[in-house]
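Working through the structure, step by step
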Amino acid sequence: MAEEVLGLLAEFGKADALLAAVRRARSEGYRCIDAFSPFPVDGMAEALAVEKDHRIGWLSFAGGVFGIALTLGVQVFVNLNYPVEVGGRPLFALPAFFVVDFELMILFAVLFPIFGMFFLNRLPQLHHPLFGTPRFSLASDDRFFLYIEARDPKFDAAGTRSFLGALGAWTIETVRP
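Treat the numbers as computed from the prediction; the structure is a model and nothing was measured.

As a further point, take the overall build of the protein chain. Helix and strand counts for the protein chain come out as 5 helices and 4 strands. When the elements of the protein chain are put in sequence order from the N terminus, they spell out β-α-β-α-α-α-β-α-β. Its C-alpha atoms give the protein chain a radius of gyration of 26 Å, clearly above 16 Å, the size a compact globule of 177 residues would have. Across its three principal directions, the C-alpha atoms of the protein chain cover 80 × 40 × 30 Å. Looking at the 177 residues of the protein chain, the share that counts as buried comes to 32%. At a minimum sequence separation of 6, the contacts of the protein chain that also span at least 24 residues come to 78%. Of the roughly 11,500 Å² of accessible surface on the protein chain, a fraction of 64% belongs to carbon and sulfur atoms. One way to put it: in the protein chain the 15 positive side-chain charges average out to a point 6 Å from where the 19 negative ones average out.

Here it is as structure tokens:
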């Protein structure tokens with residue numbers, strides 16, 4: 001019985017070699033790929049075709065709306081159910097509410113994207129099978145890695161391994177669960 005394979009991890013010695021490998025992999029039709037390097041590589045996001053995600057901005061907006069609606073709701077509820085007439089102030093005194101409304105609007109506009117990012121990034125992910133490969137720890141030191149996932153429609157273990165070898169990969173490791 002064949003062991004399950006999650007993908008192949010290729011090691012490169014220079015950032016330029018990794019960038020060229022990513023561009024070539026994309027041009028050959030690989031779509032489920034990722035790159036790892038010890039520092040940001042100029043042009044890598046474009047080469048990987050990373051899509052811009054605007055959900056965090058919308059989460060911030062939704063958090064702000066939720067925060068101000070919650071605060072105003074609580075203040076109106078308290079003033080209508082427990083009225084205190086002081087100095088002719090109306091029951092719904094928006095200028096008096098403004099400071100607390102603004103503070104909680106900002107609080108929720110910050111908290112929604114923070115927790116939303118955790119959810120969208122599927123965090124905390126305490127372990128990923130890539131962490132178990134022998135050489136992957138060098139990605140934070142001085143090596144550059146290209147990872148092609150097995151779920152990619154073009155992935156074929158032998159064919160992808162020879163493709164990565166043709167790109168000039170120093171080592172090619174099989175990633176298993």
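Grouped together as the largest cluster of nonpolar side chains are 24 residues, with contacts concentrated most on F12, L18, V22, I33, M44, L146 and L164. The biggest single contributor to this core is helix α1 (residues 15–27), with 6 residues. Ignoring any residue separated from it by four or fewer positions in sequence, one finds V22 in contact with I33, A35, M44, A47, L48 and L146. Counting residues in hydrophobic clusters, the runner-up holds 8 residues, among them F36, F136, A139 and V175.

Together, F98, V99, V100, F102, I106, V110, I114, F115, F118 and L123 make up a nonpolar patch on the protein surface, roughly 930 Å² of accessible area in all. One can find I114 in helix α4 (residues 94–120).

One pass over the structure, following the stated rule, counts 11 aromatic pairs. Ring geometry for F136 against F145: centres 5.9 Å apart, planes inclined by 55 degrees, an arrangement best described as tilted. A single burial state applies to F136 and to F145, both of which are buried. An aromatic cluster of at least three residues, connected via ring pairs, comprises F36, F131, F136 and F145.

Glancing now at the sheet that holds strand β2 (residues 33–36). The antiparallel open sheet is built from 4 strands, whose spatial order is β2-β3-β1-β4. If you trace the sheet from one side to the other, it starts and ends with β2 and β4 (171–175), each paired once. Neighbour-to-neighbour, the strand axes of this sheet turn through a mean angle of 20 degrees, independent of strand direction. Relative to strand β3 (residues 144–149), strand β1 (residues 7–12) is paired through 6 bridges, and the arrangement is antiparallel.

Reading the values: rules and limits
- Residues numbered from 1 in each chain as written.
- Predicted model: local features only at pLDDT ≥ 70, side-chain atom pairs only at ≥ 80, totals over all residues.
- Heavy atoms only, no water.
- Helix = DSSP H or I, 4+ residues; strand = E, 2+ residues; numbered from the N terminus.
- Rg over C-alpha atoms; globule rule 2.2 N^0.38 Å.
- Buried < 20%, exposed > 50% of the residue type's maximum accessible area, 1.4 Å probe, protein only.
- Contact = heavy atoms within 4.5 Å.
- Areas by Shrake-Rupley, 256 points an atom, 1.4 Å probe, with all protein chains shown as cover.
- Lys, Arg positive; Asp, Glu negative; His and termini not counted.
- Charge placed at Lys NZ, Arg CZ, Asp CG, Glu CD.
- Core = buried A, V, L, I, M, F, W, Y, C linked by side-chain atoms within 4.5 Å.
- Patch = residues over 30% accessible without salt bridge, like charges linked within 9 Å, V, L, I, M, F, W, Y side chains within 5 Å.
- Salt bridge = Lys/Arg side-chain N within 4 Å of Asp/Glu carboxyl O.
- Phe/Tyr/Trp six-rings, centres within 6.5 Å; stacked < 30°, edge-to-face > 60°.
- Pairing = 2+ DSSP bridges.
- Axes fitted to C-alpha atoms, helices over the stretch in contact; angles between N-to-C directions.

The analysis is restricted to geometry; functional conclusions fall outside its scope.
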